[in-house]
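# Topology and contacts: notes
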Amino acid sequence: MFEQLRQRIRKHEWRLGVAALVLATGTTLVAIGYWYFASPTAFTVAVGPTGSTEMRLIQAFADAPAEQRKDVRLRIVPFSDVRQSAEALHQKKVDLAIEGDLDSQIRARPA
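For the structure given in this document, a descriptive report is provided here.

Thresholds applied
- Residues numbered from 1 in each chain as written.
- Predicted model: local features only at pLDDT ≥ 70, side-chain atom pairs only at ≥ 80, totals over all residues.
- Heavy atoms only, no water.
- Helix = DSSP H or I, 4+ residues; strand = E, 2+ residues; numbered from the N terminus.
- Buried < 20%, exposed > 50% of the residue type's maximum accessible area, 1.4 Å probe, protein only.
- Contact = heavy atoms within 4.5 Å.
- Areas by Shrake-Rupley, 256 points an atom, 1.4 Å probe, with all protein chains shown as cover.
- Pairing = 2+ DSSP bridges.
- Axes fitted to C-alpha atoms, helices over the stretch in contact; angles between N-to-C directions.

### Observations concerning the overall build of the protein chain
Of the regular secondary structure elements, the protein chain holds five helices and three strands. Starting at the N terminus and walking to the C terminus, you meet the elements of the protein chain as α-α-β-α-β-α-β-α. The burial tally for the protein chain puts 17% of its 111 residues in the buried class. The contacts in the protein chain between residues at least 6 apart in sequence include a share of 68% that link residues at least 24 apart. Here the protein chain displays about 9200 Å² of accessible surface, and carbon together with sulfur accounts for 62% of that area.

### Concerning the pairing of strand β1 (residues 41–47)
Walk down a regular strand and you will see the side chains alternate between the two sheet faces. Pairing of β1 with strand β2 (residues 72–78) involves seven bridges; the strand directions are parallel. Among the inter-strand pairings, F43 is bridged to a residue of β2, identified as L74. Two elements, β1 and strand β3 (residues 96–98), share three bridges in a ladder whose sense is parallel. Within the sheet, the bridge partner assigned to A46 lies in β3 and is A97.

### Looking at the sheet that holds β1
Spatially, three strands are ordered β2-β1-β3 in an open sheet, and the strand pairing comes out parallel. Either end of the sheet is taken by a strand with one partner, and the two such strands are β2 and β3. Taken over all neighbouring pairs, the strand axes of this sheet differ in orientation by 30° on average, direction set aside. Strands β1 and β3 of the sheet are contacted by helix α4 (residues 82–90), whose axis makes an angle of about 165° with β3.

What follows is the structure in structure tokens.
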């Protein structure tokens, strides 16, 4: 009786292996899909100069979605010079570059 049961199990071992492979593949695909769709979209923003009005403004934009758990995140990369942030955008190291100094533009504008 035990011999017959053992022979039956051996005949169907490949089915068990295929079922385990399908289960592992399915679980992996579900995990990858969850990670892909649940993780927020991240944009890298170059801002320069450090401590400028633009830096504070972009930091406020970056903080708002993070606090509200929205699907978009801004990662700020500070630069000491506007030219460096423009170069980072040109070299595709960042997705967006905020260029310009609002303080100097306001002072330079004629009254």
